[in-house]
Amino acid sequence: MTSSTANSSGIGPFDGLFQTGAAVVSVILFLVAVVFAWTGFQGMELFVVGTEMNIVTGAVGFMLTMFFAIGALIVALFMDSGFDH
């Protein structure tokens, strides 16, 4: 190996504050997606909003929230904020 590749100071996943924040947002969105799916499956009402859920609205909420959760996870793994370099 050359010295440039052996001593590179590349940023890894979750090393920066931006990546850690995106990972936290991803975990929170994942938990909200599970709540949507469970609430829709049980046919209950949402906690704060009070909307009556069924299996279709629960599945839609689950898929939409999981889309953003996976997007935030990709941001946490591969993006760099750029302000600290």
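Preceding block: the structure.
Cut-offs used in this document
- Residues numbered from 1 in each chain as written.
- Predicted model: local features only at pLDDT ≥ 70, side-chain atom pairs only at ≥ 80, totals over all residues.
- Heavy atoms only, no water.
- Helix = DSSP H or I, 4+ residues; strand = E, 2+ residues; numbered from the N terminus.
- Buried < 20%, exposed > 50% of the residue type's maximum accessible area, 1.4 Å probe, protein only.
- Areas by Shrake-Rupley, 256 points an atom, 1.4 Å probe, with all protein chains shown as cover.
- Phe/Tyr/Trp six-rings, centres within 6.5 Å; stacked < 30°, edge-to-face > 60°.
- Polar contact = N/O pair within 3.5 Å; in protein donor to acceptor, adjacent residues only side chain to side chain.
- Contact = heavy atoms within 4.5 Å.
- Expected span 1.5 Å × (residues − 1).

(A) Representation of the overall build of the protein. Scanning the protein for helices and strands turns up three helices and zero strands. Listing each helix as α and each strand as β along the protein from the N terminus yields α-α-α. Among the 85 residues that make up the protein, the fraction classed as buried is 21%. Roughly 6200 Å² of accessible area belongs to the protein as shown, and the carbon and sulfur atoms make up 75% of that amount.

(B) Representation of the packing of aromatic side chains in the model. Following the criterion strictly, the structure yields two aromatic pairs and no others. When the centroid spacing of 6.2 Å and the interplanar angle of 40° are considered together, the rings of W38 and F41 count as tilted. A residue pair is termed a helical-turn pair when its members lie 3 or 4 positions apart in one helix, as W38 and F41 do in helix α2 (residues 17-42) at three residues. Of the two residues, W38 and F41, both sit in the exposed class. Residues F67 and F68 carry aromatic rings whose centres are separated by 5.4 Å and whose planes lie at 70° to one another, so their mutual orientation is edge-to-face.

(C) The arrangement of the side chain of S26 in detail. With respect to the secondary-structure elements, S26 resides in helix α2. Judged by relative accessible area, S26 falls into the buried class, the value being 8%. A polar contact of 2.9 Å, which involves the side chain of S26, links it to the backbone oxygen of A69. Discounting residues that sit within four places of it in the chain, S26 has contacts with A69, A72 and L73.

(D) Spatial organisation of helix α3 (residues 55-78). In this model α3 runs 34 Å from its N-terminal to its C-terminal C-alpha over 24 residues, within 8% of the 34 Å that 1.5 Å per residue would give. Burial in α3 covers these residues: G58, G61, T65, M66, A69, A72 and A76. Close packing links the buried residues of α3 with α2. Where α3 begins, the capping side chain belongs to N54, and its oxygen is found 3.2 Å from the backbone nitrogen of V56.

(E) Here's a closer look at the environment of F67. The residue F67 is located in helix α3 in this model. Given the relative accessible area of 56%, F67 is considered exposed. Along the sequence, F67 and L29 sit 38 residues apart, while their C-alpha atoms lie 9.2 Å from each other.

(F) Local environment of α2. With 26 residues, α2 ought to run about 38 Å at 1.5 Å a step, and its terminal C-alpha atoms sit 38 Å apart, in line with that. Lining the buried residues of α2 we find α3. Downstream of α2 by one or two residues, G43 has phi in the positive range, about 75°.

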